[in-house]
Amino acid sequence: MLGTLLAGAAVAEEHEHAVIRTLVLPEQPEAAPQRIYVKGQVVTVLRFEQDLAPLRARLVGGEGRFEPVGVVGRKVVLEPQRDLAPEEGFSLLVTLSDAREVPFLLRPPGRREHGSADQQLNVYKDRDGYEAMASALVDSEKENKTLRAENERLHKEESSEDHALAALLTTGAVAQTPFGVADHFSGADGDTALDGTVYRGTGKAAVVFKVKNLTARRSWSMSSVRLVGKADARERAIAVRSSASVIAPGTSGVIGLVVDGSAFVDGGTLTSLYLELYRHDGLRQAVVELSPSLLGK
């Protein structure tokens, strides 16, 4: 089997990326509420300073959408029953031990990195306090590490042959690549229609997704792509290019992916791979099985 598409029933991504952030309460009561990013069936915890221990917390308009909000010591615990729609937002009102009522806005992760929810928020009243500064420093170090990794990745892609080939496939210039068609596939759910092609090449394989956004209001975008072994979950490198970062309602876009032959090698033997495509809300849109036979002679 050269390529098989399993689409239509989107599957939740199993690997969540922990997100811990620092929030400092605004000095002005009329300041806009700070955002908290939540995801269905993922617990988000707000951790307050000892002298701000929350007395109670309540949702406004989120009844039936969240598990009961819990207040445990210095913590407020949230868990949506399912993902929020891109346009949805709910208010969380937390009454603190100093009698202040602090509003927060609960929103879906959207296009945040990996589509990740906040899993812990450390909430402070004084930006210059020791704990707040230490927590903010940890946040800054994480952000800098992420930016350095992203810059390094982009630098490598500038001179990568596989990324250049993926760009050609995305523009439809297949004749300028060493690939030949091996298989076609298609599938659809209520939000998205997919048509794709699997390509065979000498020492490389490729896949092109043509994505049509069937919704009337919500944009579609690619959250991530994973390439894993059929017999193991170790992620392999893959080159990705897309015609647009966001596909507007009723429009289409193209995603080109190139896999080097070395990705098919596991312990000295060739193995089949699964190529998984995840969309903006963290759900798996499709999975394609790639056989070593795609590498040609």
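Here we summarise the structure given alongside this text. Every value quoted in this text rests on a predicted model; they were computed, and no experiment measured them. (Residues numbered from 1 in each chain as written. Predicted model: local features only at pLDDT ≥ 70, side-chain atom pairs only at ≥ 80, totals over all residues. Heavy atoms only, no water.)

1. Details of the overall build of the protein
Here is step 1 of the chain: Each helix and strand counted, the protein has 2 helices and 20 strands in total.
Here is step 2 of the chain: Relative to its 297 residues, the protein shows a buried fraction of 44%.
Here is step 3 of the chain: Looking at the protein as shown, the accessible area adds up to about 15300 Å², and 52% of this sits on carbon and sulfur atoms. (Helix = DSSP H or I, 4+ residues; strand = E, 2+ residues; numbered from the N terminus. Buried < 20%, exposed > 50% of the residue type's maximum accessible area, 1.4 Å probe, protein only. Areas by Shrake-Rupley, 256 points an atom, 1.4 Å probe, with all protein chains shown as cover.)

2. So, the pattern of salt bridges
Opposite charge on two side chains makes pairing possible when the charged atoms of those side chains draw close.
Here is step 1 of the chain: If you walk through the whole model with that rule in mind, you get 18 salt bridges.
Here is step 2 of the chain: Between Arg21 and Asp118 there is a salt bridge whose closest N-O contact spans 2.8 Å. Separated by 97 residues along the polypeptide, Arg21 in strand β2 (residues 20-24) and Asp118 in the loop between β9 (101-107) and β10 (120-124) bring together distant segments of the chain.
Here is step 3 of the chain: The salt bridge partner of Glu276 is Arg226, with a shortest N-O separation of 2.8 Å. With Glu276 in strand β19 (residues 273-279) and Arg226 in strand β14 (residues 222-229), this pair connects stretches of sequence that are 50 residues apart. The same class applies to Glu276 and to Arg226, which are both buried.
Here is step 4 of the chain: Several salt bridges share partner residues, and in doing so they unite Asp189, Asp191, Arg218, Arg279 and Asp281 into one network. (Salt bridge = Lys/Arg side-chain N within 4 Å of Asp/Glu carboxyl O.)

3. Section: the packing of aromatic side chains
Here is step 1 of the chain: For the coordinates displayed, the defined rule picks out 2 aromatic pairs.
Here is step 2 of the chain: Residues Phe66 and Phe90 carry aromatic rings whose centres are separated by 5.9 Å and whose planes lie at 90 degrees to one another, so their mutual orientation is edge-to-face. Taken together, the residues span a long stretch of sequence, with Phe66 in the loop between β5 (54-60) and β6 (70-72) and Phe90 in strand β8 (residues 90-96) at a distance of 24 residues. Take Phe66 and Phe90: they sit in the same class, and that class is buried.
Here is step 3 of the chain: Summarising the aromatic geometry, the rings of Phe185 and Phe209 are spaced 6.0 Å apart at their centres and angled 65 degrees between planes, so their arrangement reads as edge-to-face. Of the two residues, Phe185 sits in strand β11 (residues 180-188) while Phe209 sits in strand β13 (residues 204-213), which places them 24 residues apart along the sequence. Like Phe209, Phe185 is buried. (Phe/Tyr/Trp six-rings, centres within 6.5 Å; stacked < 30°, edge-to-face > 60°.)

4. Let's talk about the nonpolar core
Here is step 1 of the chain: Grouped together as the largest cluster of nonpolar side chains are 26 residues, with contacts concentrated most on Val207, Phe209, Leu227, Leu257, Val259, Leu275 and Leu290.
Here is step 2 of the chain: Of all the elements in the fold, those that place two or more residues in this core are β11, β12 (192-201), β13, β14, β16 (252-260), β19 and β20 (283-290).
Here is step 3 of the chain: Take this core: its biggest share by element is 4 residues, from β13.
Here is step 4 of the chain: With residues up to four places along the chain from it excluded, the contact list for Leu257 reads Leu169, Ala205, Ala206, Val207, Phe209, Val225, Ile238, Ala239, Val240 and Leu275.
Here is step 5 of the chain: Leu46, Leu78, Leu106 and Val123 belong to the second-largest nonpolar core, a separate cluster that totals 22 residues. (Core = buried A, V, L, I, M, F, W, Y, C linked by side-chain atoms within 4.5 Å. Contact = heavy atoms within 4.5 Å.)

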